[in-house]
Amino acid sequence: VFSDKKSASQELAIFARRQEVLHVALYDQGAQPFAAWSVHANAPTPALDVSSIEHSDTGWQHLNLQLPVMLHQEQVGTLRVQESLGRVNRAVGWLIGLLALMTVLTLLVAARGLRMVQKRVLAPIIELSELADYAARHQDYSQRGIIYQQDEVGRLTERLNELFKRTEIWQGELTRQLEREQKTG
């Protein structure tokens, strides 16, 4: 406003103390560079985009902002700032890594929990299967399954116990009948 380039340069240098700021430039009403600061000392001042008063452009690595400088409702210049998004990108990368780690840990805990639940749920069925296998191999139908709960597996155990009881009775009757026939024959 007062054509004081030294004060403008000092203000821009103060503004640019943040690590992310790569370039700050102040342009006059004629879109000519008035004062500039750059992280690279000899970097040229980029031309002003006169197609729009306010402008922002975001890439992967940089954020470019162009804003009007107003005094008493009148535009007296334009401020253009270029900032690095490196710190934001690192933070996002760190958060994505943390989220991936949390996801993996959650899946591992869930898998372990699922295995424990499966073992608990399948234990009576496995026990019943082993009982039936033992009875079939040894022709010993005196064994009985333990009913833990009155659910589907409990009802299956009851039916298998009844089947074993009937088979044991039939087997006993057949054995006695064979013994009688051998004595009489």
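Residues numbered from 1 in each chain as written. Predicted model: local features only at pLDDT ≥ 70, side-chain atom pairs only at ≥ 80, totals over all residues. Heavy atoms only, no water.

Student: Help me understand the nonpolar core, please; the structure alone is not making it clear to me.
Tutor: The tendency in soluble globular proteins is for nonpolar side chains to be buried as a group. In this structure, Ala8, Leu12, Ala16, Val21, Val24, Leu26, Phe34, Ala35 and Val81 together form the largest nonpolar core, which totals nine residues. At the level of secondary structure, the elements contributing two or more residues to this core comprise α1 (5-15), β1 (21-27) and β2 (33-38). With three residues, β1 is the single largest residue contributor to this core. Among residues more than four places away in sequence, those in contact with Ala16 are Val21, Val24 and Trp37. Listed in part, the six residues of the second largest apolar core include Leu131, Ala135, Tyr141 and Leu160. (Core = buried A, V, L, I, M, F, W, Y, C linked by side-chain atoms within 4.5 Å. Buried < 20%, exposed > 50% of the residue type's maximum accessible area, 1.4 Å probe, protein only. Helix = DSSP H or I, 4+ residues; strand = E, 2+ residues; numbered from the N terminus. Contact = heavy atoms within 4.5 Å.)

Student: Honestly, the pattern of salt bridges in this entry has me stumped. Any pointers?
Tutor: One side chain can pair with another of opposite charge once the charged atoms of both are near each other. Following the criterion strictly, the structure yields six salt bridges and no others. Bridged by salt links that share partners, the residues Glu158, Arg159 and Glu162 form one connected network. (Salt bridge = Lys/Arg side-chain N within 4 Å of Asp/Glu carboxyl O.)

Student: Would you mind going over unusual backbone geometry with me for this structure?
Tutor: If you check the backbone angles, His72 has positive phi at about 50 degrees while not being a glycine. In this fold, His72 is placed in the loop between β4 (62-71) and β5 (74-84). Judged by its relative accessible area of 74%, His72 is exposed. Of note in the backbone geometry, Gln73 takes a positive phi value of approximately 65 degrees without being a glycine. Among the secondary structure elements, Gln73 is positioned in the loop between β4 and β5.

Student: Just checking my understanding: could you explain helix α3 (residues 152-184) for this structure?
Tutor: In an α-helix there are 3.6 residues to a turn, and that puts residues three or four apart on one side. Over its 33 residues, α3 extends 48 Å from the first C-alpha to the last, a length consistent with the 48 Å expected when each residue adds 1.5 Å. Residues Val153, Gly154, Thr157, Leu160, Asn161, Phe164, Thr167 and Gly172 constitute the buried set of α3. Buried residues belonging to α3 abut α2 (86-138). At the N-terminal end of α3, a side-chain oxygen is found 3.3 Å from the backbone nitrogen of Val153, two or three residues along, and the residue is Asp151. (Expected span 1.5 Å × (residues − 1). Polar contact = N/O pair within 3.5 Å; in protein donor to acceptor, adjacent residues only side chain to side chain.)

Student: Is there a simple way to think about a nonpolar patch on the surface in this case?
Tutor: A cluster of nonpolar side chains, namely Trp94, Leu95, Leu98, Leu101, Met102, Val104, Leu105 and Leu108, defines an oily patch on the protein surface of about 810 Å² accessible area. If you trace the backbone, Leu95 turns up in helix α2. (Patch = residues over 30% accessible without salt bridge, like charges linked within 9 Å, V, L, I, M, F, W, Y side chains within 5 Å. Areas by Shrake-Rupley, 256 points an atom, 1.4 Å probe, with all protein chains shown as cover.)

Student: It is not clear to me how the environment of Arg159 should be interpreted in this structure. Could you clarify?
Tutor: Relative to the helices and strands, Arg159 is located in helix α3. The class for Arg159 is partly exposed, based on a relative accessible area of 46%. Residues Arg159 and Gly145, spaced 14 residues apart in sequence, show a C-alpha to C-alpha distance of 9.8 Å.

Student: Sorry if this is basic, but what is going on with the side chain of Thr157 here?
Tutor: Along the chain, the position of Thr157 falls in helix α3. Apart from the residues lying within four places of it in its own chain, the contact partners of Thr157 are Leu128, Gly145, Ile146 and Ile147.

Student: When you look at the pairing of β2 in this model, what are you seeing that I'm missing?
Tutor: The sheet contact formed by β1 and β2 spans five bridges and is antiparallel. Across the sheet, residue Leu26 finds its bridge partner in β2, namely Ala35. (Pairing = 2+ DSSP bridges.)

Student: Would you take a moment to explain the pairing of β1 for this structure?
Tutor: Consecutive side chains along a regular strand alternate between the two faces of the sheet. Most of β1 is tucked away, with seven of its seven residues classed as buried. Pairing analysis gives six bridges linking β1 to β5, with the strands arranged antiparallel. Its bridge partner being in β5, Val24 is matched across the sheet by Val81. Turn length for the β1-β2 hairpin, with the two strands adjacent in sequence and antiparallel, is five residues, and the turn residue Ala31 shows positive phi of about 65 degrees.

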